[in-house]
Amino acid sequence: MKGFLTKWHPAVLVIVAGTLFTRAAFFMTMPFLAIYLYSEKGIEPATVGLIIGISALTGTFGGFFGGYLSDRIGRLPVMTAAIFTWSAVFVGFAIADQVWHFFLLNMLNGLCRSWFEPISRALLADVTTKENRLRVFNARYFAINVGAAIGPVVGTQLGTTSSTKAFYITALAYLLYALLIVFTLKGSSSELEAGEERKFSMKSAILVLSKDKVLAFFLIGNTIVMMAQSQMDTTLAQYIGNAPQFENGVKLFAYLVVTNAVTVLLLQFPVTNYVKRFQPMNALRFGSVAFSLALLGFGLSTSWIFLVISMIFLTVGEIIVFVMSDVLLDDLAPDHMRGTYFGAMSFRSIGFSAGPWIGGLLLSTFGFEHGFYVFGCLALISLLSLPFFQYGESIRITLADQQSVST
C-alpha cells in the first residue's frame, strides 16, 4: 500500500486527504440545512427548496467559467481563491438570520463548490496517467463518503438543526484545507500551471463545447438525473424530519445519510468494477433507473427498514453516475481543455437547482402525509434521462465507427 501511494503525485494525496477531512465537516451541517431553515427559521418548504437550489444555479455557470479560467491561468490560483472564500461562507451561515442572507450565502456556496470541485478533478487527471485515473477518481469519491459517514453522526450530536457551532467547525476545516493546499503544493506550482498551449479564448471554448453532441446529450441526461439526486438533502430531509409516520425524524435522516456513505464504502469498488465493462452512457442509464427505484421506495416506505433499502438503491445509482461521469468526461475532453470540460459538467447543476424547488412545490401541494405522490412524481422525472443517454451513446458509436473507417 505504501509503495502504491508513493507513486501518486503529491497533489493527489493532498486532495484526497483534504477531501476526507473537509467532507466530514461539510456533512455535519449541509445535509441538515433544509431542516434547520424549516424548523428553526420558520421558512416554508418551497422557499427552502429555492434556497437550497440557488447554490446549484450559480454553480451551473460558475463551474464553466472557473474551469475555463483554470485552463488559462492554472489550477492552483483558482482553487485556493475558491476554498478561502468557501471557509468564509460557512461563518456566514452561522450568523445569518434573514431569508435573503441564506439566499446570498448559498449562492456563494454553490459558486465556490463549482470552482473548486471540477478544477480539483481536472488537476487529478492532469497529474495522473490515463490508466490510473479511474483508481484516483475512485479514491477521491471514497474519501468523500468516509467523510459522509462521519459527519452526520457528529452533526446530530452537536445539534446541527438547532445550533450554529457546527458551521464554525466546518469553516475552520476548509480554512485548514486551504492552507494545506497553499503550503504543500507551492513547490509543485510550476508543474501544475497552465501552459501556453492552453491559452485559448472563451469564444473558442464555447464553440468546441457546442459542437460536441455527445457532451450535449450527456449533460441533458445528467441534469435530469441530478434532479433526482438533489432530493436527498432537501425534499427527503424535510419529509423524514416532519412526516407524522416517522418518530425522531432528524435522527432517522442522519442515519440514512450514514447509510448512504457506508454503502458507498462497501459497494463502490464492486459496483465500479462491474459497470466499467459497459460503455459509460449505458452505465449512466443503470444509475438513472436506480435513482427512480429509490425515490419510489421513499414514497412507499412506512418504516425505517424500507427507507434504508431505498437509500441503498439511491447510493448504487449515485456511485454509477458520479464515477462514470468523470470517466466519460475524461474520455471526451482534449488534454488542453480538460478543465473546461470538467467545468462544463457544472451545467448539470441546473438539475440540482430545479430539483429542490420542484420537490418543495410537491411537498407544499401534497403535504408530508402523502409521500407516495411526492416521490412518485420525482421518480418519473428521473426516468426522462434515459433517452438522452441512449442518443448520446448512439452518436458516440457512430463517430467512433467513422473515425475507424477514416484511419
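Quick caveat, the model's predicted, so the values are computed rather than measured.

A. Region of interest: the overall build of the protein. Along the protein, the regular secondary structure elements total 19 helices and 0 strands. Burial statistics for the protein: of 407 residues in total, 58% are counted as buried. Put simply, of all contacts in the protein between residues at least 6 apart along the chain, 85% involve residues at least 24 apart. For the protein, the accessible surface area stands at approximately 16,500 Å², while carbon and sulfur atoms represent 66% of it.

B. Summary view of the nonpolar core. Core analysis: the biggest nonpolar cluster contains 106 residues, and Leu37, Phe90, Phe93, Ile181, Phe218, Ile240 and Phe298 have the highest contact counts within it. Here this core takes 12 residues from helix α15 (residues 304-332), the largest share from any one element. The residues touching Ile240, leaving out its near neighbours within four places in the chain, are Phe246, Gly249, Leu252, Phe253, Leu256 and Leu307.

C. Summary view of a nonpolar patch on the surface. A cluster of nonpolar side chains, Val289, Leu293, Trp304, Ile305, Phe306, Ile309, Phe313, Leu380 and Leu383, forms an exposed patch at the surface whose accessible area comes to about 850 Å². Secondary-structure elements contributing two or more residues to the nonpolar patch are α14 (280-300), α15 and α18 (371-383). When residues in the nonpolar patch are grouped by element, the largest group, 5 residues, is from α15. By the secondary structure assignment, Trp304 is in helix α15.

D. Helix α8 (residues 165-184), seen in detail. Look at α8: 29 Å from first C-alpha to last across 20 residues, which is about the 28 Å you get at 1.5 Å a residue. For α8, the full list of buried residues reads Ala166, Phe167, Thr170, Ala171, Ala173, Tyr174, Tyr177, Ala178 and Ile181. Projection of α8 onto a plane perpendicular to its axis shows the buried side chains occupying an angular sector of 160°, all on one side. Those residues of α8 that are buried are in contact with α2 (10-29), α3 (33-39), α5 (75-95), α6 (99-126) and α7 (133-158).

E. Inspection of the pattern of salt bridges at higher detail. Within this structure, the stated rule accounts for 3 salt bridges. Note that Glu117 is salt-bridged to Arg23, the shortest N-O span being 2.8 Å. Here Glu117 is found in helix α6, whereas its partner Arg23 is found in helix α2, with 94 residues between them in sequence. Ionic contacts of the salt-bridge type, sharing partners, join the residues Arg23, Glu117 and Arg140 into one network.

F. Structural detail: helix α11 (residues 213-229). A rise of 1.5 Å per residue sets the reference length of α11, with its 17 residues, at 24 Å; its end C-alpha atoms lie 24 Å apart and thus fit the reference within 8%. Of all the 17 residues making up α11, 13 are buried; the element is thus mostly covered by neighbouring parts of the structure.

G. Representation of the environment of Trp304 within the structure. In this structure Trp304 comes out as exposed when scored by relative accessible area, which is 55%. The sequence separation of Trp304 and Tyr255 amounts to 49 residues, and the corresponding C-alpha distance is 9.7 Å.

H. Expanded view of the packing of aromatic side chains. Within the structure shown, the criterion is met by 20 aromatic pairs. Relative to Phe286, the ring of Phe278 has its centre 5.1 Å away and its plane inclined at 85°; by these criteria the two rings are edge-to-face. Aromatic ring contacts, followed pair by pair, group Phe26, Phe27, Tyr36, Trp86, Phe90, Phe93, Phe102, Phe116, Phe167, Tyr174 and Tyr177 into a single cluster. The cationic tip of Arg23 hangs over the ring face of Phe26; the distance from NZ or CZ to the ring centre is 5.6 Å.

I. Layout of the packing of α2 against α7. As a packed pair, α2 and α7 sit with axes 6 Å apart at the nearest point and diverge in direction by 25°. Looking at the two axes, α2 sits roughly parallel to α7. Two packed elements cross with a definite hand, and for α2 against α7 that hand is right-handed. Here the contact of α2 with α7 is built from residues that sort into 16 nonpolar, 4 polar and 2 charged.

J. Highlighting the side chain of Ser301. Relative to the helices and strands, Ser301 resides in the loop between α14 and α15. One polar contact links the side chain of Ser301 to the main-chain carbonyl oxygen of Gly297, over a distance of 2.6 Å. Engagement of the side chain of Ser301 in a polar contact is seen with the backbone oxygen of Phe306, the distance being 3.4 Å.

K. Structural detail: the environment of Val271. Among the structural elements, Val271 can be located in helix α13 (residues 249-275). With relative accessibility at 14%, the residue Val271 sits in the buried group. A sequence separation of 45 residues divides Val271 from Val316, and the C-alpha atoms of the two residues are 7.5 Å apart. Among residues more than four places away in sequence, those in contact with Val271 are Ile319 and Ile320.

L. How the structure looks around the confidence of the model for the protein. Residue-level pLDDT values for the protein average 80, and 86% of them are 70 or greater. Taken together, the stretch residues 1-6 has pLDDT below 50 and engages in 2 contacts with residues farther than four places along the chain or on a different chain. When the criterion is pLDDT under 50, residues 194-202 qualifies, and its contacts beyond four places in sequence or with other chains add up to 26 contacts.

M. Representation of the side chain of Ser382 in the model. Locating Ser382 in the fold gives a position in helix α18. Polar contacts involving the side chain of Ser382 include one to the side chain of Ser292, which spans 3.2 Å. With residues up to four places along the chain from it excluded, the contact list for Ser382 reads Ile224, Ala228, Ser288, Phe291 and Ser292.

N. Here's a closer look at the packing of α13 against α15. The N-to-C vectors of α13 and α15 enclose an angle of 45°; their axes lie 7 Å apart at closest approach. If you check the angle between α13 and α15, you find them oblique. Handedness of the α13/α15 crossing: right-handed. Considering only residue class, the contact of α13 with α15 consists of 17 nonpolar, 6 polar and 1 charged.

The rules behind these values
Residues numbered from 1 in each chain as written. Predicted model: local features only at pLDDT ≥ 70, side-chain atom pairs only at ≥ 80, totals over all residues. Heavy atoms only, no water. Helix = DSSP H or I, 4+ residues; strand = E, 2+ residues; numbered from the N terminus. Buried < 20%, exposed > 50% of the residue type's maximum accessible area, 1.4 Å probe, protein only. Contact = heavy atoms within 4.5 Å. Areas by Shrake-Rupley, 256 points an atom, 1.4 Å probe, with all protein chains shown as cover. Core = buried A, V, L, I, M, F, W, Y, C linked by side-chain atoms within 4.5 Å. Patch = residues over 30% accessible without salt bridge, like charges linked within 9 Å, V, L, I, M, F, W, Y side chains within 5 Å. Salt bridge = Lys/Arg side-chain N within 4 Å of Asp/Glu carboxyl O. Expected span 1.5 Å × (residues − 1). Arc of directions from axis to C-beta. Phe/Tyr/Trp six-rings, centres within 6.5 Å; stacked < 30°, edge-to-face > 60°. Lys NZ or Arg CZ within 6 Å of the ring centre and 35° of its normal. Axes fitted to C-alpha atoms, helices over the stretch in contact; angles between N-to-C directions. Parallel < 35°, antiparallel > 145°, perpendicular 65-115°, else oblique. Left-handed = near helix turned anticlockwise from the far one by under 90°. Nonpolar A, V, L, I, M, F, W, Y, C, P; charged D, E, K, R; others polar. Polar contact = N/O pair within 3.5 Å; in protein donor to acceptor, adjacent residues only side chain to side chain. pLDDT = per-residue confidence, 0-100.

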